[in-house]
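Inside the fold
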Amino acid sequence: MPAPLDIDQLQTFVAIVDTGSFTRAADKVFKTQSAVSMQMRRLEERIGKTLFVRDGRLNRLSEDGERMLSYARRIIRLNNETIAAFDDQQLEGSIRIGTPDDYADRYMPGIVARFAKTNPNVELYIECEPSVELAARMGRGELDVALVTHNPRERTSEVVRTEPLYWVTSTNHTVHEDDVVPLAVGRRSCNWRNLACTALDTAGRDYQILFTSWSATVVASAVLSGLAVSLLPECAVRPGMRILSPADGFPALEPAQIGLMKRPGAPTALVNALCGHIAASLDNITPPGAEESGKSSGPGASLRRDQRIRPDDAILPSW
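Presented here is a report on the structure given in the accompanying data block. (Residues numbered from 1 in each chain as written. Predicted model: local features only at pLDDT ≥ 70, side-chain atom pairs only at ≥ 80, totals over all residues. Heavy atoms only, no water.)

Section: helix 8 (residues 191-203)
Given 3.6 residues per turn, any residue in an α-helix points the same way as the ones three and four places further on. We count it as follows: By definition, any uninterrupted DSSP run of H or I lasting at least four residues is a helix, any uninterrupted run of E lasting at least two residues is a strand, and each is numbered from the N terminus. An expected span of 1.5 Å times one less than the residue number is assigned to each helix. Think of it in three bands: residues with accessible area under 20% of the maximum for their type are buried, residues over 50% are exposed, and the middle band is partly exposed, with areas taken using a 1.4 Å probe on protein chains only. It only takes one pair of heavy atoms within 4.5 Å for two residues to be counted as in contact.
Look at helix 8: 18 Å from first C-alpha to last across 13 residues, which is about the 18 Å you get at 1.5 Å a residue. Those residues of helix 8 not exposed but buried are Asn191, Trp192, Arg193, Ala196, Cys197, Ala199 and Leu200. On the buried face of helix 8, the contacting elements are strand 5 (145-149), strand 7 (165-170), strand 8 (180-185), strand 9 (206-212), strand 10 (230-233) and strand 12 (256-262). A positive phi of about 75° marks Gly204, the residue just after helix 8.

Here it is in structure tokens:
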């Protein structure tokens, strides 16, 4: 039987990726830089693959390193869940969480199920509203944690996931070919709505806003019914939707970021435990259709998993 992987080495590996350097990772895991380097050499020897490659004066993840990162996070999370399951000092209390409905539909079932399994004495209250409303409620002290679309111009949040933003239409209809493109978007204050209008103006496409709603379900229904085109984050793309590309006359869009907000004064142990759990869970979620290959244009095109977006890439604030 193969020898098991070393959890401590995996934690150091993840720390290097999260902090962006061996030096900062050494501070985070309370080791010397030489000890961190030695751990990575041993981990590479254990799996027989190179995890980092030199890029000028910097180290970056190799292809095998990218693969290992996903496994490492899952192993660490499962290890922590196992320890928590046998912890006699389990967390207790209640915590109020806010999230937009598209994030709730895609992310929350798995997050809540795993968190509840390891923290059975914690009561979760979950409410769905647009990010702008969630931020306002956080300010009024009505929520403890909010999962929002990161928008540094309007609110402060900790980025926990980066996703592509896509133009979408129905795979069974051709409404995107209309001379005047019908749109399904959020309200006037929605940044994605303004982005859609600006992008189509720049591309010289005529359009008309036919559906306005904060609800991602309503927007998705309009798209799937062949009544309108919309722009959605990767998590909200559903079976039956086709991703449009510049070849279809729809300009490429900058990625969007998902962030976490924490209420000052909220129970620290509960908030930190939940936010750490959410961040780890979101990092491991596979996008819809990622197991399939294909181009992002053409009828019935499947969704492809984009390369991990680096922190210095352009980021788009949204809902």
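Having put the structure on the table, let's press on.
A closer look at the pairing of strand 2 (residues 58-61)
Each regular strand shows side chains that alternate between the opposite faces of the sheet. Spelled out, the test is: A pair of strands counts as paired when DSSP detects no fewer than two bridges linking them.
Examined bridge by bridge, strand 1 (residues 52-55) and strand 2 share four bridges and lie antiparallel to one another. Counted as the bridge partner of Arg54 is Asn59 from strand 2. With antiparallel pairing between neighbouring strands as the criterion, strand 1 and strand 2 make up a hairpin whose turn holds two residues, including Gly56 at a positive phi of roughly 70°.

What to know about the pattern of salt bridges
To keep things clear, this is the line we draw: For this document, the term salt bridge refers to a Lys or Arg side-chain nitrogen within 4 Å of an Asp or Glu carboxyl oxygen.
Within this structure, the stated rule accounts for 14 salt bridges. For the salt bridge of Arg137 with Glu127, the shortest nitrogen-to-oxygen distance reads 2.5 Å. Here Arg137, found in helix 7 (residues 131-139), pairs with Glu127, found in strand 4 (residues 122-128); they are 10 residues apart in sequence, far enough to count as distant. Classification of Glu127 by relative accessible area gives partly exposed; the value is 31%. For Arg137, a relative accessible area of 12% gives the class buried. What you see here is one network of salt bridges that share partners, running through Glu127, Glu129, Arg137, Arg140 and Glu142.

Topic: the sheet that holds strand 7
Put simply, the rule is: Only the stretch in contact is used when a helix axis is fitted, and all axes are lines through C-alpha atoms; the angle between N-to-C directions ranges over 0 to 180 degrees.
The strand order 10-7-11 describes an open sheet built from three strands, whose pairing is antiparallel. Edge positions in the open sheet fall to strand 10 and strand 11 (241-244), since each of these has one partner strand only. Taking each pair of neighbouring strands and ignoring which way they run, the sheet shows an average axis angle of 50°. Packing of helix 8 onto the sheet brings it into contact with strand 7 and strand 10, and relative to strand 7 it is tilted by some 80°. Seen against the sheet, helix 9 (residues 216-224) touches strand 7, strand 10 and strand 11 and runs at an angle of roughly 50° to strand 7.

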